[in-house]
Amino acid sequence: MKYSWLLFPLLFFLPAGCSEPKEEYRGGEEIEIDCGSSALEYLEDYVDFSDFKYVRLEANDSASIDGVRKAMVFDGRIYVADHRAKGVYIFDREGKFIKNPARLGSGGQEFARIDDFQIDRELRQLIVLDSENGTLTFYDLDGDFIRRDTIGLEAVYFETTAEGYLFYQNPYDSPQDDTQPYHLIRTDKQYRIQERLYNQREVSGLGISVPSRFAKDPQGNILFAPVYSPFIFRVAQGRLTPEYRLKYSRGNVLDAEDLYSADSDPKALLDRLSEGAPLYFNGWLIENGDQLCLQTQKGLVSTYTTYFDKESGRSLTLFSLKEDASNYRNILFHPVVGSDRGYYISAFSDASAIGLMKLEQARLPEDFKNAVLQHTDQDNPLLIFYKLKDF
């Protein structure tokens, strides 16, 4: 599937050095998110089609996108990262192509890897992360180059903060300090390390490469969804505070507590994966006003999408890829690649799946059905903007 992400080895080491890791694994005050013993078949039952729109991204020689990995909307522009990490592209709100500022290559302003991007809303800048070269590259909102900074970290995700940046790195890759294998590195604006957080002492095994494990709300609060953890943490005041606790049941995936005992031995984990064991991994986290969306994986396939209310924890879980072919029309809403003022954003690009969707049975607007049916592999993805009814 185009939307499945490859696994890569991720090793965790015991902490050492000058500071003791904080108690980051204990909960008690967090909101529990009950992901249910069974999941719904069709997300379309909960989509508010009275407030629904889609945008076809213009395709040309400078903008050929296989699929969307991440999308952000700001100041009348849509910023999109290709799911194969080939580039970052800018479109207007109607899908008209503007520029491809960040692309792979060996030129002076090109990238060895494109891992993540963010919009700094205060400075009104596009920032692109390259883990292989250890750089952040800055552009104005139109995609014109400003500067490139060396950060000294092999970070794979980042988020802007009032004081500087929060980076997520693979500790075993980092040249910064091999004796301090922390995942989260908080720096000032000159990339001087202010704090190290989150050493996963208890787990060895595999990690999933996802668009981002950070979500920042309009007030600047940052949430962090790690691998192999039942918690979503708030990053604040020099520590990680459990904000939400995910509770799955054996009806769909293993309880989170079982992962700690099952995954302490990486060989056992690999054996269970090869047997098709229903393990889950935290996926990518999307902030959307009063709601959050967390997408997880069962085994090697992106499967579960959970939407939940931030304050109450009330949730809706979708099992997106059932064997029943009619369920494949959920691909239209999976994965969620971003949000925009209450809308979730998904991207559809897999023309080969159209015949599996049984769209004639789907409760979708006719113009949208036609747009999907006319989609070809030569087209750029359709971006779908949708809101959910109460759940």
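What comes next concerns the included structure. The model shown is predicted, which means the values in this text are computed figures rather than measured ones. (Residues numbered from 1 in each chain as written. Predicted model: local features only at pLDDT ≥ 70, side-chain atom pairs only at ≥ 80, totals over all residues. Heavy atoms only, no water.)

**Quick word on the packing of aromatic side chains**
Put simply, the rule reads: Stacked, edge-to-face and tilted are the three classes for Phe, Tyr and Trp ring pairs, Trp counted by its six-membered ring, which pair at centre distances within 6.5 Å; planes under 30 degrees apart are stacked, over 60 edge-to-face, the rest tilted. Each helix is a run of H or I in the DSSP string that is no shorter than four residues. Each strand is a run of E no shorter than two, and both are numbered from the N terminus. Categorising residues by exposure relies on relative accessible area from a 1.4 Å probe, with only protein chains included: less than 20% of the type maximum marks a residue as buried, more than 50% marks it as exposed, and the intermediate range marks it as partly exposed. Counted as over-ring charges are cases with an Arg CZ or a Lys NZ within 6 Å of the ring centre that also lie within 35 degrees of the ring normal.
All chains considered together, the criterion is met by 19 aromatic pairs. Seen from their ring centres, Y344 and Y386 are 5.8 Å apart, and the 35° between their planes marks the pair as tilted. With a gap of 42 residues between them, Y344 in strand β27 (residues 343-348) and Y386 in strand β28 (residues 382-388) connect regions that are remote in the sequence. For Y344, a relative accessible area of 0% corresponds to the buried category. When its relative accessible area of 0% is taken as the criterion, Y386 is described as buried. An aromatic cluster is defined as three or more aromatic residues linked by ring pairs; in this entry it consists of Y157, Y168, Y198, F214, F224, F231 and F233. K53 extends its terminal NZ or CZ atom over the ring of Y343, reaching a point 4.4 Å from the ring centre.

**Quick word on the pairing of β27**
Our working definition: Paired strands, in this sense, are two strands between which DSSP finds at least two bridges.
Within β27, 6 of the 6 residues are buried, leaving the element largely enclosed by the surrounding structure. Here β27 shows two buried faces, one formed by Y343, I345 and A347 and the other by Y344, S346 and F348. Between strand β26 (residues 336-340) and β27, which pair antiparallel one after the other, the connecting turn spans 2 residues, and R341 there sits at a positive phi close to 50°. Sheet topology places β27 next to β28; 5 bridges connect them, and they run antiparallel. Looking at β28, one finds that A347 is bridged to L383.

**Concerning the sheet that holds strand β9 (residues 125-130)**
Selection rule: Every angle, taken between N-to-C directions, lies between 0 and 180 degrees, and every axis is a line fitted to C-alpha atoms, over only the stretch in contact when it is a helix.
Pairing is antiparallel in the open sheet, where 4 strands are placed in the order β8-β9-β10-β11. Both edges of this open sheet fall to β8 (116-120) and β11 (145-150), since each of them pairs with a single strand only. Pairwise comparison of adjacent strand axes, ignoring direction, gives a mean angle of 20° for this sheet. Taken together, the 5 bridges between strand β10 (residues 135-140) and β11 define a ladder with antiparallel strand orientation. Note on β11: the bridge partner recorded for Y139 is F145.

**Overview of the sheet that holds strand β18 (residues 222-224)**
The strand order β2-β20-β19-β18-β17 describes an open sheet built from 5 strands, whose pairing is mixed. The sheet terminates laterally at β2 (31-34) and β17 (214-216), the two strands that pair on one side only. Across this sheet, the average inter-strand angle for adjacent strands is 30°, counted without regard to direction. Strand direction decides the pairing type here: β17 and β18, joined by 3 bridges, are antiparallel.

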